[in-house]
Amino acid sequence: MENLTLNDVLKQSARHKQGIEFPLVNLLANLAWTFGDLTSRHTSYVSHGYHRYPAKFIPQLTRKVIEQYSEEGALICDPFMGSGTTVLEALLAKRKVIGTDINPVAVLITQAKLRPFPPKYLQEQTSALLRDMKNQIAEEVHQQLPLTLNSARVDYLLPENERLVYWYPIKEIRQELAIILAHINKLADIHLKRYFQCAFSHILKNTSIWLNKSTKPTRDLKKSVPAPLKSFTRHVRKMNNRNRKLYFLMDPLIHERLDEYARVANGDARRQQSAENMVDLVVTSPPYVTSYEYADLHQLTALWFSYTESVS
Ligand SMILES: C[S@@+](CC[C@H](N)C(=O)[O-])C[C@H]1O[C@@H](n2cnc3c(N)ncnc32)[C@H](O)[C@@H]1O
């Protein structure tokens, strides 16, 4: 047996593939870093379950790295933060954190998941919002209620993009989604607006004719699409339960000073600088250029939020 560096092992494994033998290597797996016993219930705990994202970190792994390699109050950085797993875990571990991502959908998800609301406030806001959406959809899309001078009614616009009909061929579905989004966008509380925008973004896939369980943008012309308001309501209820857990889990002092503890921005990692020009620890998982087409995967959100005119 001999002790080898990782580099030696990689070189030897290349030689092995060419049919060249190599000696037994003294590299033992450290089971403390194994997370195989976790289920999706664990990995999507609190707000980690707000929105799907490709190649998400296991939060427990991120937390272990943060706790092992930094002290409380340290500044952590994730330049490819994706859905903000590092950002949230850093806050829960009482660290400060800077996160960036080039994808605006990632920024929206991260901003939504790092900020818990007082549960009662969120419940009241949710009830009012869902009631107003429901009334307007019943009146204008399904004509189930006579048109009233409903003061909660909002003007809505469908994004001008031919891809909208491609993914949402049923007119009533498009209208219903547009009404939901218009009500969210009218909210005065910016944090609440982002929270509901995140919920809206999450339901865009199952309310479109995107093939279920496919990560590739494939249409399923036979798909039976659920009513958007039903999907939205169901998902918001799940998020509200997760919010409650997060609210009681986060240190109240950090909650009060969230803007100081977490700085999240839409940007290119290659040009990122922290104000201090240094951080204590970088915890990141860089993009896999060949595995995932992030723009493809998030094109429905990009479409509804007009993040980009052309997916290409
Ligand atoms: C593997 S994912 C990170 C997932 C993340 N760890 C999580 O838990 O959700 C890589 C991320 O890199 C982002 N990305 C790709 N190129 C970038 C760049 N030049 N600057 C910043 N972010 C970039 C992608 O948008 C994607 O969100």
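The rules behind these values
Residues numbered from 1 in each chain as written. Predicted model: local features only at pLDDT ≥ 70, side-chain atom pairs only at ≥ 80, totals over all residues. Helix = DSSP H or I, 4+ residues; strand = E, 2+ residues; numbered from the N terminus. Contact = placed C-beta atoms within 7 Å. Near = placed C-beta within 6 Å. Nonpolar A, V, L, I, M, F, W, Y, C, P; charged D, E, K, R; others polar. Expected span 1.5 Å × (residues − 1). Buried ≥ 20, exposed ≤ 12 C-beta atoms within 10 Å, placed from the backbone. Pairing = 2+ DSSP bridges. Right-handed = clockwise from strand over helix to strand, strands pointing away.

Each helix and strand in the protein chain was counted, giving 14 helices and 4 strands. Looking at the protein chain alone, contacts between residues at least 24 apart form 69% of all its contacts between residues at least 6 apart.

Near the ligand lie 20 residues; those nearest to it are Phe80, Gly82, Ser83, Thr85 and Ala269. Split by residue class, the shell around the ligand holds 10 nonpolar, 6 polar and 4 charged.

Right, let's get into helix α8 (residues 171-185). Between the first and last C-alpha of α8 there are 21 Å, a value that for 15 residues agrees with the 21 Å anticipated at 1.5 Å per step. For α8, the set of buried residues is Arg174, Glu176, Leu177, Ala178, Ile179, Ile180, Leu181, His183 and Ile184. Contact partners of the buried residues in α8: α6 (119-140), α7 (163-167), α9 (190-203), α10 (228-249) and α14 (299-304).

Turning next to the pairing of strand β1 (residues 75-78). The sheet contact formed by β1 and strand β2 (residues 96-101) spans 4 bridges and is parallel. Across the sheet, residue Ile76 finds its bridge partner in β2, namely Val97. The handedness of the β1 to β2 crossover, carried by helix α4 (residues 85-92), is right-handed. With 2 bridges joining them, β1 and strand β4 (residues 281-282) adopt parallel strand pairing. Its bridge partner being in β4, Ile76 is matched across the sheet by Leu281.

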